[in-house]
Amino acid sequence: MNLFTRLFESFLRKRHTAGHFRRHAMPLENSTGRPVPDHLARQLLMAAHEELHAALERLHTRESGLSEDEALDVIGQTGPNEVEHEKPLAWYQHLWLCYKNPFNLLLTVLAIVSYLTEDPKATIVIGTMVILSTLLRFVQEGRSNRAAERLKALVSNTATVLRAGQQIELPIRKLVQGDIIVLSAGDMIPADCRLLSAKDLFVSQAAMTGESLPVEKMAELADGNGKDPMDMANLLFMGTNVISGAATALVLATGNRTYFGTIATRVTATERTPTAFEAGVNSVSWLLIRFALVMAPLVFLINGWTKGDWMEAFLFALSVAVGLTPEMLPMIVTSTLAKGAVKLSKKKVVVKRLDAIQNFGAMDVLCTDKTGTLTQDKIVLERHTDVFGQPSDEVLQFAYLNSHYQTGLKNLLDRAVLDHVELQTEMQLARDYVKVDEIPFDFVRRRMSVVVSEKNDHHELICKGAVEEILAACSHLRLGQSNIPLDDALLEKVLATTQGLNAEGLRVVAVAVKEVPPHKTVYGVADETALTLIGYVAFLDPPKESTAPALRALAEHGVTVKVLTGDNHLVTAKICREVGLTVHGVLQGPQLDDMDDATLGRVAEENTVFAKLSPLHKERLVRALRGNGHIVGFMGDGINDAPALRAADIGISVDSAVDIAKEAADIILLEKSLMVLEEGVLEGRRTFSNMLKYIRMTASSNFGNVFSVLVASAFLPFLPMLPLHLLVQNLLYDVSQIAIPFDNVDAELIQQPLSWNPRDIGRFMVFFGPISSIFDITTFALMWYVFDANTPEKQTLFQSGWFVVGLLTQTLIVHLIRTPKLPFIESIASVPLLVATTAIMAVGVFLPMGAFATYFKLEALPLNYFPWLVAILVCYTVLTTVMKRIYLRKFGWQ
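Just so it is clear, the model here is predicted, and its values are computed rather than measured.

Quick notes on the rules
- Each chain has its residues counted from 1, running along the sequence as written.
- Residue-level local features of this predicted model are given only where pLDDT is at least 70; pairs of side-chain atoms are given and counted only at 80 or more, and the full residue set underlies all totals for whole chains, interfaces and linings.
- Side-chain numbers here rest on the full set of heavy atoms in the structure, without hydrogens or water.
- A helix here means a DSSP run of H or I that spans at least four residues, while a strand means a run of E at least two residues long, and both kinds are numbered starting from the N terminus.
- Buried residues are those whose accessible area, probed at 1.4 Å on protein chains only, stays under 20% of the maximum for their type, while exposed residues exceed 50% and partly exposed ones sit between those limits.
- In this analysis, two residues are considered to be in contact whenever any of their non-hydrogen atoms come within 4.5 Å of each other.
- Throughout, the Shrake-Rupley method with a 1.4 Å probe supplies accessible areas, and for residues the shown protein chains are the sole cover considered.
- Only Phe, Tyr and Trp rings are paired, with Trp represented by its six-membered ring, and only when their centres lie within 6.5 Å; those with planes under 30 degrees apart are stacked, over 60 edge-to-face, the remainder tilted.
- Throughout this description, the term charge over a ring refers to an Arg CZ or Lys NZ atom that lies within 6 Å of the ring centre and within 35 degrees of the ring normal.
- In these notes, a set of buried Ala, Val, Leu, Ile, Met, Phe, Trp, Tyr and Cys residues joined through side-chain atoms within 4.5 Å is what counts as a nonpolar core.
- Following DSSP output, two strands are said to pair if at least two bridges run between them.
- A residue's pLDDT is the predictor's confidence in that residue, given on a scale from 0 to 100.
- Only the stretch in contact is used when fitting a helix axis, every axis being a line fitted to C-alpha atoms; angles between N-to-C directions are given from 0 to 180 degrees.
- A patch consists of residues exposed above 30% relative accessible area that lack any salt bridge, with like charges linked at up to 9 Å and nonpolar side chains (Val, Leu, Ile, Met, Phe, Trp, Tyr) linked at up to 5 Å.
- Criterion for a salt bridge: a side-chain nitrogen of Lys or Arg within 4 Å of a carboxyl oxygen of Asp or Glu.
- Polar contact is the term for a pair of N or O atoms within 3.5 Å; when the atoms are in protein, one must be able to donate a hydrogen and the other to accept it, and sequence-neighboring residues count only if both atoms are side-chain atoms.
- With respect to orientation, any angle under 35 degrees is reported as roughly parallel, any angle over 145 as roughly antiparallel, any angle of 65 to 115 as roughly perpendicular, and every other angle as oblique.
- A crossing counts as left-handed when the near helix is turned anticlockwise from the far one by less than a right angle, and as right-handed when that turn is clockwise.
- Side-chain classes follow a simple rule in which Ala, Val, Leu, Ile, Met, Phe, Trp, Tyr, Cys and Pro form the nonpolar group, Asp, Glu, Lys and Arg form the charged group, and the remainder, Gly included, forms the polar group.

### Things to note about the overall build of the chain
Right, on to step 1. A tally of helices and strands in the chain yields 31 helices and 23 strands.
Right, on to step 2. Buried positions account for 59% of the 894 residues belonging to the chain.
Right, on to step 3. Long-range contacts, defined as pairs at least 24 residues apart, comprise 75% of the intrachain contacts of the chain with a sequence gap of at least 6.
Right, on to step 4. Of the roughly 35000 Å² that the chain leaves accessible, carbon and sulfur atoms contribute 60%.

Given below as structure tokens:
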């Protein structure tokens, strides 16, 4: 018999003080937390309270099952037993999503304009950037999604069904309402069912409710008090599984009409809200696009007015627009994310959506389930105590004998007792005690006993059960070696002790004994009287060893952890204390039901533990935290976690999760551990930091260049640079940035969550951009006054001189503002970035000095130009470093 769980269930149902251990139902809810749809709950409750013959008659079936013709008629009306899943995008839809972002759209427009104005070089340069960024993202995300599909857990695809009195194996999709199914240990329950018969049936509902302990199911008619389908002991739900025992059941609902199907339909039908990453990229993109839309027409008007050649002014303004647009941003973002995805895959993290990597780094609140994440998802014997809570080996020995000699199927609690006793002790007990008889469990007594003979000397009756049931059969209790009559004062003290254990989140089973005459060999319920209470065994799902250090590491990196669970609040609070998670408040699901969104947002911020939650409670909490401005991650693996996974900025699941959870997730962990999460957070921050480098560098240098162009356009009798020069300079600079995804990131920059801040980028651009303009204007003066490049005939020399200075300062800025530290001394770029930038600077000098100068409409610079060039670069480095220190003190450095 699966006694321990039965006893717990009895204890929990009967006692209000232990009410916090009751099975928690998972109502289907709307956004306010109230059940929807009502008709589904009503139908299930009606089936639970309905007489079997009435239920069979209502569904036009019988205990021998439907005939094949009847089943075909039903499946024709209801369709196959399949739950709606999120359909993968067609390749062309995925390709469009990879292409569709503001920069790609703007660059496409610029490429079309370049083509129409017969500028093929600009068209090729711009088009190449768009195609590369789109394809890189498309390929990498395609690989990740295919890997995630391969990770989907394989589940049993057949069920044992009675059809016209014959047991047959059928594919689950062919089950219909009215079928009679046969269940045994290990079976996945394929539909919502009403039990017809059950023997020692225990079902794991963890995927639905989050509770780690299996629940007992029985075929008896439900009492009239239950208001929640999940509380009905005679109902089974699709997606749960049989731990032990056997049963036959009537199929009530299939496919999307099941409890599970209703949740799955809601999840797959819900559009994803834009994540923080998507919102951040779009806001930064539009900031830069608005800047380009203002500056390019200004350049066009000034040059057209002062030079008189409006077509040349238009081409130049178009080149300025291209130069202002960080056309490499989509490619840099995608390649940085792809590199992060590859790196994370080596750390047991599969990235389904590339955007999720940045959200990983930006995450400042992590909501996680308790079972299997903080804990081992395994019941262990935590304590064995005497009647007043002191450790007692005697209690453990008697509990072991009871579990060892019972003939029923042993559940998780029985195994926990047996596993706790060392092998040597087991062997000794087996030698000293021999089983005489057993008084099996029944639903009236809610306890069970074994009778053993100790060395053929005397018989000992050992009884274990829920505290109330055992106390009802006890007349004495054992203190030390003495048995003392159980009076009201001692009873009150015993109850206080057990309630104290309950308050610590422990599940308590009482153990009592009675010495009986050795001549007797057959025992019955009548012998379970005048027992002596000797103590208790208490159980817990213990925390993982890795949990405490992982939580400390997450806290050090600015991530607040909140626990959202369907399990009991006392158990959860105890686990949190054990792993060092400071609990700032505990709320239970029913308390959230009547809260409006504003109140929910406040309590979500203030509290750490949320227990007894249903799926939509979890979803509301995630949305409330996002509404408070947090970047929220949610980690879960059950059916009850799917809505919250989809609502979070980053949904995190595991490879052993149910399919609907993996479909809703952005990231799948190959190991259900917070340590893996911490590594992912840091990698996400490195990825984001490198993306931010590119945006800051490009925005500030482009701003400086355009400011310089405006000054030059107003005062020079010729263009300061030809459109071709601007495009080549821009392309070379972009090539130097390809190595940014592989750059080193200072440890200080990834200590706290990183997020998009368009205002900060705009401020950075305006602060550092004009610095380069100072040296551009210095170069103008140098070429005009020192090298006499002050006439239209000598404009090529002027343009060549500024081309080199512009490209070298633009490339040098990569090293100057990639870190808040002193460049080249306190912080050194990665080798790929050093090589790339050095190579591009060399190419920049070679172009006017080499054989291709004429092709690019440049000319060789005099040798005395280069000392001036070195001086300009040194002064630029010094001034930028000084200004960086000022910026750092005033605004900080994200």
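### Here's the deal with the side chain of His 557
Right, on to step 1. By secondary structure assignment, the location of His 557 is in the loop between helix 19 (547–556) and strand 18 (560–564).
Right, on to step 2. Dropping the residues within four chain positions of it, His 557 is found in contact with Glu 678, Leu 682, Arg 685, Ile 750, Gln 751, Gln 752 and Pro 753.

### Examining the packing of aromatic side chains
Right, on to step 1. Summed over all chains, the structure comprises 19 aromatic pairs.
Right, on to step 2. Residues Phe 787 and Tyr 865 carry aromatic rings whose centres are separated by 6.2 Å and whose planes lie at 55 degrees to one another, so their mutual orientation is tilted. Of this pair, Phe 787 sits in the loop between helix 28 (758–786) and helix 29 (795–816) while Tyr 865 sits in helix 31 (residues 865–891), and the two are 78 residues apart along the sequence.
Right, on to step 3. Note on Phe 787: relative accessible area 10%, which makes it buried.
Right, on to step 4. By relative accessible area, which is 1% here, Tyr 865 ends up buried.
Right, on to step 5. With a centroid separation of 5.4 Å and 85 degrees between ring planes, the pair formed by Tyr 865 and Phe 866 is classed as edge-to-face.
Right, on to step 6. Just above the ring of Phe 388 sits the side chain of Lys 493; from NZ or CZ to the centre is 4.3 Å.

### Observations concerning helix 20 (residues 569–578)
For the α-helix, the turn length of 3.6 residues means that residues three or four positions removed from each other point alike.
Right, on to step 1. With 8 of 10 residues buried, helix 20 is to be regarded as a mostly interior element.
Right, on to step 2. Buried within helix 20 we find His 569, Leu 570, Val 571, Thr 572, Ala 573, Lys 574, Ile 575 and Cys 576.
Right, on to step 3. Of the residues one or two after helix 20, Gly 580 is the one with positive phi, at around 85 degrees.

### Some remarks on the nonpolar core
Right, on to step 1. Phe 360, Leu 366, Leu 533, Ile 652, Ile 667, Leu 669 and Tyr 865 are the most contacted members of the largest nonpolar core, which totals 145 residues.
Right, on to step 2. The element best represented in this core is helix 26 (residues 674–715), accounting for 17 residues.
Right, on to step 3. Sequence-distant contacts of Leu 533, defined by excluding residues within four places in its chain, comprise Val 387, Ile 470, Leu 471, Cys 474, His 476, Leu 477, Arg 478, Val 494, Ala 510, Val 511 and Ala 512.

### A look at the environment of Ile 172
Right, on to step 1. Following the sequence through the fold, Ile 172 ends up in the loop between strand 2 (166–171) and strand 3 (180–184).
Right, on to step 2. A relative accessible area of 16% means that Ile 172 is categorised as buried.
Right, on to step 3. Linking Ile 172 and Thr 254, residues 82 residues apart in sequence, is a C-alpha distance of 9.7 Å.

### Concerning the pairing of strand 3
Right, on to step 1. Of all 5 residues making up strand 3, 4 are buried, and the element is well covered by its neighbours.
Right, on to step 2. Alignment of strand 1 (residues 158–163) against strand 3, held across 3 bridges, turns out to be antiparallel. Across the sheet, residue Thr 160 finds its bridge partner in strand 3, namely Val 182.
Right, on to step 3. Examined bridge by bridge, strand 3 and strand 7 (residues 241–253) share 5 bridges and lie antiparallel to one another. For Ile 180, the partnering residue across the bridge sits in strand 7 and is Leu 250.

### So, unusual backbone geometry
Right, on to step 1. A positive phi is found at Ala 530, a non-glycine position, where the angle reads about 50 degrees.
Right, on to step 2. With respect to the helices and strands, Ala 530 occurs in the loop between strand 16 (507–516) and strand 17 (531–540).
Right, on to step 3. With a phi close to 70 degrees, Phe 824 is a non-glycine residue in the positive phi region.
Right, on to step 4. When you line up the elements, Phe 824 lands in the loop between helix 29 and helix 30 (831–849).

### Digging into the side chain of Thr 385
Right, on to step 1. Its location among the elements puts Thr 385 in strand 10 (residues 380–385).
Right, on to step 2. Judged by relative accessible area, Thr 385 falls into the buried class, the value being 4%.
Right, on to step 3. The residues contacting Thr 385, other than those within four sequence positions of it, are Gln 390, Pro 391, Ser 392, Val 395, Ile 534, Gly 535 and Tyr 536.

### Considering the pairing of strand 7
Right, on to step 1. Bridging between strand 4 (residues 192–204) and strand 7 involves 10 bridges; their strand directions are antiparallel. Note that in strand 7 the partner of Val 203 across the bridge is Val 242.

### As for the confidence of the model for the chain
Right, on to step 1. When pLDDT is averaged along the chain, the result is 81, and 87% of the positions lie at 70 or above.
Right, on to step 2. With pLDDT under 50 throughout, residues 1–36 is counted as low confidence; its partners more than four residues away or in other chains account for 145 contacts.
Right, on to step 3. Between residues 151–156, whose pLDDT stays under 50, and residues either more than four places distant or in other chains, the model counts 14 contacts.

### Observations concerning the sheet that holds strand 20 (residues 609–611)
Right, on to step 1. If you trace the 8 strands from one edge of the open sheet to the other, you get 8-23-22-21-9-18-20-19, paired in mixed fashion. Two strands lie at the open edges of the sheet, namely strand 8 (349–351) and strand 19 (586–588), each paired on one side alone. Direction aside, the axes of adjacent strands within the sheet are offset by 20 degrees on average.
Right, on to step 2. Along the sheet, helix 13 (residues 355–362) makes contact with strand 8, strand 22 (650–654) and strand 23 (667–669), crossing strand 22 at roughly 100 degrees.

### Digging into helix 19
Right, on to step 1. Taken as a whole, helix 19 has its buried residues at Thr 547, Ala 548, Ala 550, Leu 551, Ala 553 and Leu 554.
Right, on to step 2. Packed against the buried residues of helix 19 are strand 9 (365–368), strand 18 and helix 26.
Right, on to step 3. Gly 558, located one to two residues past helix 19, shows a positive phi value of around 80 degrees.

### Observations regarding a nonpolar patch on the surface
Right, on to step 1. Where nonpolar side chains cluster on the molecular surface, the patch consists of Val 870, Val 874, Val 878, Val 882 and Ile 886 and spans about 400 Å² of accessible area.
Right, on to step 2. Residue placement: Val 874 occurs in helix 31.

### Concerning the environment of Asp 527
Right, on to step 1. Tracing the chain through its elements places Asp 527 in the loop between strand 16 and strand 17.
Right, on to step 2. Judged by relative accessible area, which is 13%, Asp 527 ranks as buried.
Right, on to step 3. C-alpha of Asp 527 to C-alpha of Ser 449: the two residues are 78 residues apart in sequence and 9.7 Å apart in space.
Right, on to step 4. Contacts of Asp 527, omitting those with residues within four sequence positions, involve Leu 461, Lys 514 and Lys 520.
Right, on to step 5. At 2.9 Å, the side chain of Asp 527 forms a polar contact with the backbone nitrogen of Gly 524.

### Some words on the pattern of salt bridges
Right, on to step 1. As enumerated under the stated definition, the model contains 25 salt bridges in all.
Right, on to step 2. Across the pair Glu 82 and Arg 173 runs a salt bridge, and its minimum N-O distance is 2.9 Å. With Glu 82 in the loop between helix 4 (68–78) and helix 5 (91–99) and Arg 173 in the loop between strand 2 and strand 3, this pair connects stretches of sequence that are 91 residues apart.
Right, on to step 3. Put simply, Glu 68, Arg 163 and Asp 179 are held in one network by salt bridges that share partners.

### What about the packing of helix 22 (residues 597–606) against helix 23 (residues 615–627)?
Right, on to step 1. Contact geometry for helix 22 and helix 23: axes closest at 9 Å, N-to-C directions at 85 degrees. By the angle between their directions, the pair helix 22 and helix 23 is classed as roughly perpendicular. Residue-level contacts link Asp 597, Leu 600, Gly 601, Ala 604 and Glu 605 of helix 22 to Arg 620, Leu 621, Ala 624 and Leu 625 of helix 23.

### With respect to the environment of Thr 778
Right, on to step 1. Mapped onto the elements, Thr 778 comes out in helix 28.
Right, on to step 2. Distance from Thr 778 to Trp 802, taken between C-alpha atoms, is 9.9 Å for residues 24 residues apart in sequence.

### Focus on the packing of helix 27 (residues 723–737) against helix 30
Right, on to step 1. Across the interface, helix 27 lies against helix 30 with an axial gap of 8 Å and an inter-helix angle of 160 degrees. By the angle class used here, helix 27 and helix 30 are roughly antiparallel. For the crossing formed where helix 27 meets helix 30, the hand is right-handed. Between helix 27, through Val 728, Leu 732, Val 735 and Ser 736, and helix 30, the contact on the second element is made entirely by Leu 833, Ala 836, Thr 837, Ile 840, Val 843 and Leu 847.
Right, on to step 2. Here the contact of helix 27 with helix 30 is composed, by residue class, of 8 nonpolar, 2 polar and no charged.

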